[in-house]
Amino acid sequence: QVQLVESGGGLVQAGGSLRLSCAASGSIFSINTMGWYRQAPGNLRELVATISSDGSTNYAGSVKGRFTISRDNAKNTVYLQMNSLKPEDTAVYYCNLRGGVMFIRTVNDYWGQGTQVTVSS
């Protein structure tokens, strides 16, 4: 129904930057929000940032001021610019889309496979 493909993860030194991209494809009828979540070893998956269809954004307190989420509606793509990275940002980052597919009214969550971000000290 919906496929999310993430890219841009990698290894970076503390204080460095990375830019994650997530392109959505498939039978998308509407998108309520797109966003990023992350999961570090031994931890639960947590929200990093989301962006709604009207452009409003929401950030986890730990990343606010360092990360910026943006979107390109024409390409169904969401980006996460990560600056001033810290070792505690190390995690698998998952792209999320909340929306509806063709011919189905129900809004559901769709997830990418995840991309590894590793920040060395």
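The model shown is predicted, which means the values in this text are computed figures rather than measured ones.

About the thresholds
- Residues numbered from 1 in each chain as written.
- Predicted model: local features only at pLDDT ≥ 70, side-chain atom pairs only at ≥ 80, totals over all residues.
- Heavy atoms only, no water.
- Helix = DSSP H or I, 4+ residues; strand = E, 2+ residues; numbered from the N terminus.
- Rg over C-alpha atoms; globule rule 2.2 N^0.38 Å.
- Buried < 20%, exposed > 50% of the residue type's maximum accessible area, 1.4 Å probe, protein only.
- Areas by Shrake-Rupley, 256 points an atom, 1.4 Å probe, with all protein chains shown as cover.
- Lys, Arg positive; Asp, Glu negative; His and termini not counted.
- Charge placed at Lys NZ, Arg CZ, Asp CG, Glu CD.
- Patch = residues over 30% accessible without salt bridge, like charges linked within 9 Å, V, L, I, M, F, W, Y side chains within 5 Å.
- Salt bridge = Lys/Arg side-chain N within 4 Å of Asp/Glu carboxyl O.
- Contact = heavy atoms within 4.5 Å.
- Core = buried A, V, L, I, M, F, W, Y, C linked by side-chain atoms within 4.5 Å.
- Polar contact = N/O pair within 3.5 Å; in protein donor to acceptor, adjacent residues only side chain to side chain.
- Pairing = 2+ DSSP bridges.
- Axes fitted to C-alpha atoms, helices over the stretch in contact; angles between N-to-C directions.

1. Notes on the overall build of the chain
Right, so step 1: A tally of helices and strands in the chain yields zero helices and 11 strands.
Right, so step 2: What you see in the chain, going N to C, is helices and strands ordered as β-β-β-β-β-β-β-β-β-β-β.
Right, so step 3: What you see for the chain is a C-alpha radius of gyration of 14 Å, in line with the 14 Å of a compact globule of 121 residues.
Right, so step 4: For the C-alpha atoms alone, the extent of the chain along its principal axes is close to 50 × 25 × 20 Å.
Right, so step 5: Taking all 121 residues of the chain together, 40% fall into the buried category.
Right, so step 6: In the structure as shown, the chain presents an accessible area of about 6,500 Å², 48% of it carried by carbon and sulfur atoms.
Right, so step 7: On the chain, the mean spot of the 10 positive side-chain charges and the mean spot of the 7 negative ones are 3 Å from each other.

2. Looking at a nonpolar patch on the surface
Right, so step 1: Together, Phe-29, Met-102, Phe-103 and Ile-104 make up a nonpolar patch on the protein surface, roughly 510 Å² of accessible area in all.
Right, so step 2: Within the secondary structure layout, Met-102 lies in the loop between strand S9 (91-101) and strand S10 (108-111).
Right, so step 3: For Met-102, a relative accessible area of 40% corresponds to the partly exposed category.

3. What about the side chain of Ser-21?
Right, so step 1: Inspection of the secondary structure assignment puts Ser-21 in strand S3 (residues 18-26).
Right, so step 2: By relative accessible area, which is 19% here, Ser-21 ends up buried.
Right, so step 3: Non-local contacts of Ser-21, meaning those with residues more than four positions away in its chain, are made with Val-5, Glu-6, Ser-7, Trp-36, Val-78 and Tyr-79.

4. What to know about the nonpolar core
Right, so step 1: Counting residues in hydrophobic clusters, the biggest one holds 30 residues, and the most contacted among them are Leu-4, Trp-36, Leu-80, Met-82 and Tyr-93.
Right, so step 2: At the level of elements, strand S1 (2-7), S3, strand S4 (28-39), strand S5 (46-52), strand S7 (67-72), strand S8 (77-82), S9 and strand S11 (115-120) are the ones that each hand at least two residues to this core.
Right, so step 3: Among the elements that take part in this core, S9 stands out by supplying five residues, more than any other.
Right, so step 4: Ignoring any residue separated from it by four or fewer positions in sequence, one finds Leu-80 in contact with Leu-18, Arg-19, Leu-20, Trp-36, Val-48, Ala-49, Phe-67, Thr-68, Ile-69 and Tyr-93.

5. Notes on the environment of Asn-96
Right, so step 1: One can find Asn-96 in strand S9.
Right, so step 2: For the pair Asn-96 and Cys-22, spaced 74 residues apart in sequence, the C-alpha to C-alpha distance is 8.7 Å.
Right, so step 3: With residues up to four places along the chain from it excluded, the contact list for Asn-96 reads Leu-4, Thr-33, Met-34, Gly-35, Tyr-37, Asp-109, Tyr-110 and Trp-111.
Right, so step 4: Polar contacts involving the side chain of Asn-96 include one to the side chain of Asp-109, which spans 3.4 Å.

6. Considerations on the sheet that holds S3
Right, so step 1: The four strands are arranged S1-S3-S8-S7 in an open sheet whose pairing can be described as antiparallel. Looking at the sheet topology across the chains shown, the edges are occupied by S1 and S7. When strand polarity is set aside, the average angle formed by the axes of neighbouring strands in this sheet is 15 degrees.
Right, so step 2: Two elements, S7 and S8, share six bridges in a ladder whose sense is antiparallel. In the strand pairing of S8, Ile-69 is matched with Leu-80.

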